[in-house]
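Fold and contact review
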Amino acid sequence: MRNNRAMALRPHRIAVLALDEVVGLDLGTPSQVFGTARDGDGASYYDVRVCTPGRRPVRSTAGYQVVPEHGLELLDTADTVIVPGIHGGDALTTGRLEPEVAEALRAAYQRGARVMSICTGAFVLAAAGLLDGRRATTHWAHAEDFRRLHGRVDLDPDVLFITDDRVLTSAGVAAGIDLCLHVIRLDHGSEVANRAARRCVVPPWRDGGQAQYIERPVPKATDTSTAGAREWARQRLHEPVALRDLAEQARMSVRTFTRRFRSETGLSPAQWLLQQRTDHARLLLETTDLTVDQVAHRSGFGTTAALRQQLHQRIGVSPSTYRRAFHPRADLIDT
């Protein structure tokens, strides 16, 4: 999608399809996240609009009605169609969908549009037949009902989002933000996605394969944090960073630091540091003319082989392949 010339000539058109009992947060997520993705001149990369069947008002779970400006015809010209979560209706309870809605979704996909769901919006895509034979995810709390209604879908409720060709599904609530940022990253690269995340004040990247936060207790608030040590490490990704060094920055014992670090980030210090180095390497591959070997050293991997192994493990491609996909002058760079 990122190399689509039409995208460079006009904003990418996104149609958000709201159905009755739409989840308020899910409905607002695409406009908020994609709306912050802009080029260097401040021009929007995306044009996000909301529609409903017949332009009818629909109820939201947040206690208000959505009065749309568009009907299903918006899907006829959309480059991407997003279905937010719902907390009621036939699609959620019986697996059935209004024929006109199902047909509009299928037609959009057959025409070449990208189709996405947030949370229980996956029930809508499944009811339209767009998830048959595919891997998909939804909110973990609805996994049992989903499997009962849609046995032909390979459901994985343990991840944040899944990309299967032009069909993308995400888990509950905040995972929709992760998916939208993932799509921006695919379309325009890490720099644009990171700026959008910064504007939204959210983490720029949570890997889609990361487990959903299922029944994890929230750590008690304390007067101390590992945030300072994490920022210290981010400034030294090109250097060796030992666990003891991080603990000293936080003025904690290694044992206390490790426990508190995991409670705050959900990761061990080693896992977190590896993730930061991988993200930094991706940014360097996208935005600089450094050789792959130089990228490996500046991101702290040391060798090209180590960087290649980590990129392949996380996103399934080599550094050279990633650069060809995301760097505008990849063919001119000596790798």
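Here the structure is a predicted model, which means the values were calculated and not measured. (Residues numbered from 1 in each chain as written. Predicted model: local features only at pLDDT ≥ 70, side-chain atom pairs only at ≥ 80, totals over all residues. Heavy atoms only, no water.)

1. What about the overall build of the protein chain?
On a plain count of helices and strands, the protein chain comes out with 15 helices and 10 strands. Per-residue burial for the protein chain yields a buried fraction of 49% across its 335 residues. Carbon and sulfur atoms provide 48% of the accessible area of the protein chain, an area that totals close to 16400 Å². (Helix = DSSP H or I, 4+ residues; strand = E, 2+ residues; numbered from the N terminus. Buried < 20%, exposed > 50% of the residue type's maximum accessible area, 1.4 Å probe, protein only. Areas by Shrake-Rupley, 256 points an atom, 1.4 Å probe, with all protein chains shown as cover.)

2. Quick look at the packing of helix α12 (residues 269-287) against helix α14 (residues 304-315)
Contact geometry for α12 and α14: axes closest at 11 Å, N-to-C directions at 95°. Regarding the angle of α12 to α14, the classification is roughly perpendicular. On the side of α12, the interface is formed by Q271, L274, Q275, T278, A281, R282 and L285, while α14 contributes L307, Q310, L311, R314 and I315. When its residues are assigned to classes, the contact of α12 with α14 shows 6 nonpolar, 4 polar and 2 charged. (Axes fitted to C-alpha atoms, helices over the stretch in contact; angles between N-to-C directions. Parallel < 35°, antiparallel > 145°, perpendicular 65-115°, else oblique. Contact = heavy atoms within 4.5 Å. Nonpolar A, V, L, I, M, F, W, Y, C, P; charged D, E, K, R; others polar.)

3. A word on the confidence of the model for the protein chain
Residues at a pLDDT of 70 or more form 89% of the protein chain, whose mean pLDDT is 88. Note on residues 1-7: pLDDT under 50 across the span, and 15 contacts to partners over four residues away in sequence or across chains. (pLDDT = per-residue confidence, 0-100.)

4. Digging into the sheet that holds strand β2 (residues 46-51)
Read from one edge of the open sheet, 6 strands run β2-β1-β5-β6-β10-β9, paired in mixed fashion. Either end of the sheet is taken by a strand with one partner, and the two such strands are β2 and β9 (161-164). In this sheet, neighbouring strand axes are inclined to one another by 15° on average, regardless of whether the strands run parallel or antiparallel. In this structure, strand β5 (residues 80-83) lies alongside strand β6 (residues 114-117), joined through 4 bridges in parallel fashion. For V81, the partnering residue across the bridge sits in β6 and is V115. Contacts between helix α4 (residues 99-111) and the sheet are confined to β1 (12-17), β5, β6 and β10 (167-170), with β5 contributing the most and set at about 145° to the helix. Sheet strands touched by helix α7 (residues 175-188): β2, β6, β9 and β10. Its angle to β10, the strand with the most contacts, is close to 145°. (Pairing = 2+ DSSP bridges.)

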